[in-house]
Amino acid sequence: MSVFEAKEIGVSFGGVRAIHDVSFAVEKGEIFSIMGPNGAGKTTVFNLISRFYDLDQGDLFLNGERISNIPPHEVAARGVARTFQNTELFENETVLQNLLTAHHTHRRTSFLSEMFFFPKVRRQELKFRETVEDIIDLLHLQSYREQRIDALPFGARKIVELGRALCLEPQLLLLDEPSSGLNPEETEDLSFWIEDINEELGVTIIMVEHDMNLLGQVSGRVMALSDGELLTIGTPDEVREHPDVISAYLGE
Amino acid sequence: MDFISLGTFVQLLVTGISHGCLYGLVALGFVLIYKATEMVNFAQGDIMMWGAFIAFTLASTYGLSYIPVVILTIFVMAMFGLLLERTIIRPMIGEPPFAVLMLTIGLGFVLRAVAGMIWGHDEKEFDTPYSVDPLILGEVSLDYEQLVVVGCTIVLCLGLYVFLRFTRFGVAMQAASQNQLAAAYVGIPVKGVVAITWCLSTAIAAVAALLVAPLQLIYPGIGFVVGIKAFVAAIVGGFGNLSGALIGGICIGIVEQFVGYAFEGAYGETSVYVLLLLMLFVRPQGLIATIQRKKV
Amino acid sequence: MRFVLKTNYAQDINLFLHNGQRFWYGLLIAALILAPFFLENFYIGELTYLFIWVIAGAGLMLLIGYTGLVSMGHAAFMAIGAYAHAVLFKLGVPFLPSLLMAALISGFLGAIIGVAALRMTGIYLAVATISFAFIIEKVISAWRPVTGGHRGFIVPEPVMFGVDFGSDLVFYFLCLVIVVVVMLLVMNLLRSPTGRAMVAVRDSEISAQAMGVNLVQTKTLAFTLSAAFTGLAGALYSHKIGMLFPENFTIFLSIKLLMLVVVGGLGSVHGIVFGAMFISILPQVIAIVRDFLPSWLAYRRGLEPLVFGAILLFFLMYEPLGLYGRWVKIRAYFTQFPLYRKSTFKRQKSYLRTERVH
C-alpha cells in the first residue's frame, strides 16, 4: 500500500484553477519529487496535503486513511512534517526551542501537570532533549544551538527548519525547495542528508525542487506539473526529456 | 418591545443612519491608513475630537463665521496629521503592527489628556448656520444636522473612491500597501505616500468632527466613545475596505437607536458591543471579507 | 561574563541556570519575608499592591507576551474576579475556596472570549476585548441586586479559621505566597510543551499548525489561564480597596495593565515584575513631581493619563523590549566592557508585504 496517495485533487482560487485533476501515489521509502515552472502549483500541492487549503475535488489518503477533511494539526500528528519555501521558523526563539517545539505531537502530558512540573513532565522533557540533540548532531547544528533564529543567516535557517521537521519524527516529510538560498557546498551537504534521512531514518520524502542536479542525485521518481496540470511521472531522466516538460519550460 | 408607530420608526431610522454615517466617516479615516500602511490608528477618534475643539475655538474665541471655520479646521487638522506622521509614525515604519496599535492607544491617551487640560472637561456646544428648526414631514421631524451628515458622507465617500481608484496617487498608495520594498523600487516615494495618507485621514477626521460637533456636545472623551464604535463599524463591515466601513457604521447606528428606544435609552451603546461579539462568533471576517490568510 | 558549563540536559530544564541565580532569588524571597517587620504599614500596603499587579500582569503577559494575543479589556477579568469573590464570600463561601472559585469563574468567561477570539488577531481581538470590557462594566452597574451598581459593594472582612486575613500583615503574606505560586506555575508552563506551543502560535501560526499545535486549544487555553490569573488578582484587589464600584474597572485599568506588560518587556517573566514595579511606583512619582510643577498644570485633571500615555509612547518608540530589555543591555554593557557594541541589540525592521487581495 502507498504511504501517501492523492486522487484527482483539485483546487481553485477566485475562479483560477491552481490544481486540476492531479493524481499520484508515493510508496514507502521513496523520494518523490515535484518539479515545474513557477506558478505550476507545486507549493499548492503541499498546502493541500498540510490541509492549509481545502480541496475543491478529489481526496487525499495517508496509509489508506482519508485525510481530506481533518484539521492541519491532525495531519502533523499522523506523522507528516514539512518545511517552507521561505522558512517559517519561530523567529524570537533559539534553535533549541524551535526543535523542541516540533515534539509537540509526542507530548503525553496535560497543561495542568506541566504547570506543576510533575516528574512525568520532567522525564518527557529529558526525552525530547535527547532526540533533539540527535538531530542537532546529524545536521551539525551544534554551533547554532543557543542562537536566536532572527540572528541566523538564511542557509542556516533552512537547515534548522529541516531539523525541526525531523524532530517531529515523521513518516512522510514534505520539503519545499530545500536547496533554494543555499550555496553549492551547502546543497551538496543537503543531498547527503536527504539520502541519510531517507535511508537511515526510513522517512518517505516528497520534495519540490528546481535544482536538476539535486533531483537527479536523490530522487526516485519525479512528477512534472505545469499550470496546475500533471504532465508526466517518471525517473528524472525520463521526465527531463519528456516533450511536454520541455515545452512547458521553454514555451511553445 | 412596545408598538412602534411608523413616524417613530422613520425617526429612529434616520437618526440611526446619521449616527452610523458618522461612525462610518471616522472608520473611513483609519481604514484608509490601514489600507495604505497596515497600521491601525486607534487614536482616530481622539484626532476627531481635536478637530471638534479646534472648530469650536475658531468659532467661539476668534468669532469666525462658519465657512472659514470649516476650511481652517480641515487645513489645521491636515497639518496636524503631517506632524503626527513625521514625529511619531515614521520612526515606527517597519515595526510590528502590534507595536503601532499600542502606540496609537498611548497617543489617544495623550491627546485626550491634553485636550482636557486646554479646553476643560465640561461639555461645549457648537452651532452651525443649519442648526435651525427641524424639517417636519408628517409626524417625522428631521434635524438638518442629520441630513447634512448623510449628504456629506455620501459625497466624501464617492470622492474618496474616485480618488483612490483613478488617480496616480491612489494607485501608488495601493502599491505601497501591497509591497513597500517593491513600490520603492519602481520609484514610488513610500514615505511620502504614508505621510499624505495620514494627512488625508486626519482631514477626514476633521470633516467628521465638523459634522459631529453640531449633533452632540463636545467633550474630551467623545473621541474615544465614537472611535471605538467606529472600530466596531469597520470590523462589522470587514476591516480594510471603504464601503464595508460605511455599511458597518450604518448597521450599528441603526441597531443602537432601536435598542436604545426599546430599553428606554439604557442599553443602546451596550448593544453595539454585543452586536460586535455576536458578529465575531458568527462571521468573523466581517460582512465584506478582504483579509486572507498568510501565504507560505 | 559568566559561562555556564553544561554537562547534563537536565540543566537546561531547571528554572535557575546556575547557583548564582538561586542565591539571588533566595535572597529576594528572604528579604520579602522579613520586610514587613521593618517597614511601615504604608509600605506593606504598597508591596501588597505590587504583588497583586504581578499576579494580574502574569496573566496578561501569558496572553500578550507569549501567545501574541492582544487583550485591551483585561480590567473586565479583574472586575469579574473581584465581584465574584466578594459576592461568594458574602454568601458564606469560605475565604480561600471563594478566591479559587473567583479565578475559575473568570477563567471560564475568558474561555468563552477565547473561543470568539479564535479566528481573530491583532486589531480584531483588541476591539473585541474592549467591547467585552464595556459589556461587563455595564452588567456590573445594571445588576444592582447583586453588585450594588454605582452605589458600590462593601467587601466583607476576610476571616477564615479565626485568622483575620484583613490585617495588613497577614494579607501581605497571603499575597506573597500566591505571587510565588503563580510565578512558578507560569514559569513551569513556559518550559514545557504548552508554553512552547503558545510561543509557536505567537511567532507563526502556520508553522505551529504544521508542527501539530492545535490552534483552537492553545488560544483558548491561553485566554482561560490569563483570565483566571487576572481574576485571582482582582479577587485580592477587592480586599485591598474594600469597596467595589464599576468605576474601579474601566478602560483606564485595562490600559494600565497593558502598560505593565509593554513597559516591563514583552515576552519575559522578569518583565512582569519590572512592569508591576513601574506602575505601582509611577503614581507616587507623579504625586511627588506635582509639588514642583506650576500650579496651572499640577492639579489639572488628566495629568496621570497624560504621563501614562506619554511613557507608553516613549517605550514603544525607543525601547520596545521594555525595562527588561534595557536591563539586559546595561548588563551586557558591563559584562562585555570594553568590547560592547551598540549593534548587538540592533532591531530588525521588516518591510510591509501584505497578503490582502484588495
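A few points on the structure.

Parameters and conventions
- Residues numbered from 1 in each chain as written.
- Chains lettered and ligands numbered in written order.
- Predicted model: local features only at pLDDT ≥ 70, side-chain atom pairs only at ≥ 80, totals over all residues.
- Heavy atoms only, no water.
- Helix = DSSP H or I, 4+ residues; strand = E, 2+ residues; numbered from the N terminus.
- Contact = heavy atoms within 4.5 Å.
- Axes fitted to C-alpha atoms, helices over the stretch in contact; angles between N-to-C directions.
- Parallel < 35°, antiparallel > 145°, perpendicular 65-115°, else oblique.
- Nonpolar A, V, L, I, M, F, W, Y, C, P; charged D, E, K, R; others polar.
- Pairing = 2+ DSSP bridges.
- Disulfide = S-S within 2.5 Å.
- Buried < 20%, exposed > 50% of the residue type's maximum accessible area, 1.4 Å probe, protein only.

**Some details on the overall build of chain C**
Line of reasoning, step 1. Along its length, chain C carries 16 helices and four strands.
Line of reasoning, step 2. Within chain C, contacts between residues separated by at least 24 positions form 76% of all contacts whose residues are at least 6 apart in sequence.

**A word on the packing of helix α3 (residues 41-66) of chain C against helix α9 (residues 193-203) of chain C**
The description of two packed helices rests on the angle between their axes and on the distance between the axes.
Residue and element names in this part refer to chain C.
Line of reasoning, step 1. Packing of α3 against α9 leaves a shortest axis separation of 8 Å and a crossing angle of 45 degrees. The orientation of α3 relative to α9 falls into the category oblique. Residue-level inspection shows Leu62, Gly65 and Tyr66 of α3 in contact with α9, the latter providing Met198, Val199 and Arg202.
Line of reasoning, step 2. Here the residues of the contact of α3 with α9 sort into four nonpolar, one polar and one charged.

**With respect to the pairing of strand β1 (residues 4-13) of chain A**
Residue and element names in this part refer to chain A.
Line of reasoning, step 1. Two strands pair when backbone bridges link them, and β1 and strand β4 (residues 57-62) are joined in this way by five bridges, in the antiparallel orientation. Paired with alanine 6 across the strands is leucine 60, a residue of β4.
Line of reasoning, step 2. Relative to strand β2 (residues 16-26), β1 is paired through seven bridges, and the arrangement is antiparallel. Counterpart to isoleucine 9 in the pairing with β2 is valine 22.

**Comments concerning the state of the cysteines**
Line of reasoning, step 1. In this structure the tally under the stated criterion is zero disulfides over all chains.
Line of reasoning, step 2. Free cysteine: Cys21(B), not disulfide-bonded; nearest cysteine sulfur from Cys157(B) at 7.8 Å.

**A look at the side chain of Lys256(C)**
Residue and element names in this part refer to chain C.
Line of reasoning, step 1. Here lysine 256 shows up in helix α12 (residues 251-264).
Line of reasoning, step 2. Of the residues examined, lysine 256 reaches a relative accessible area of 14% and is grouped as buried.
Line of reasoning, step 3. Among residues more than four places away in sequence, those in contact with lysine 256 are Trp53, Ile279 and Phe308.

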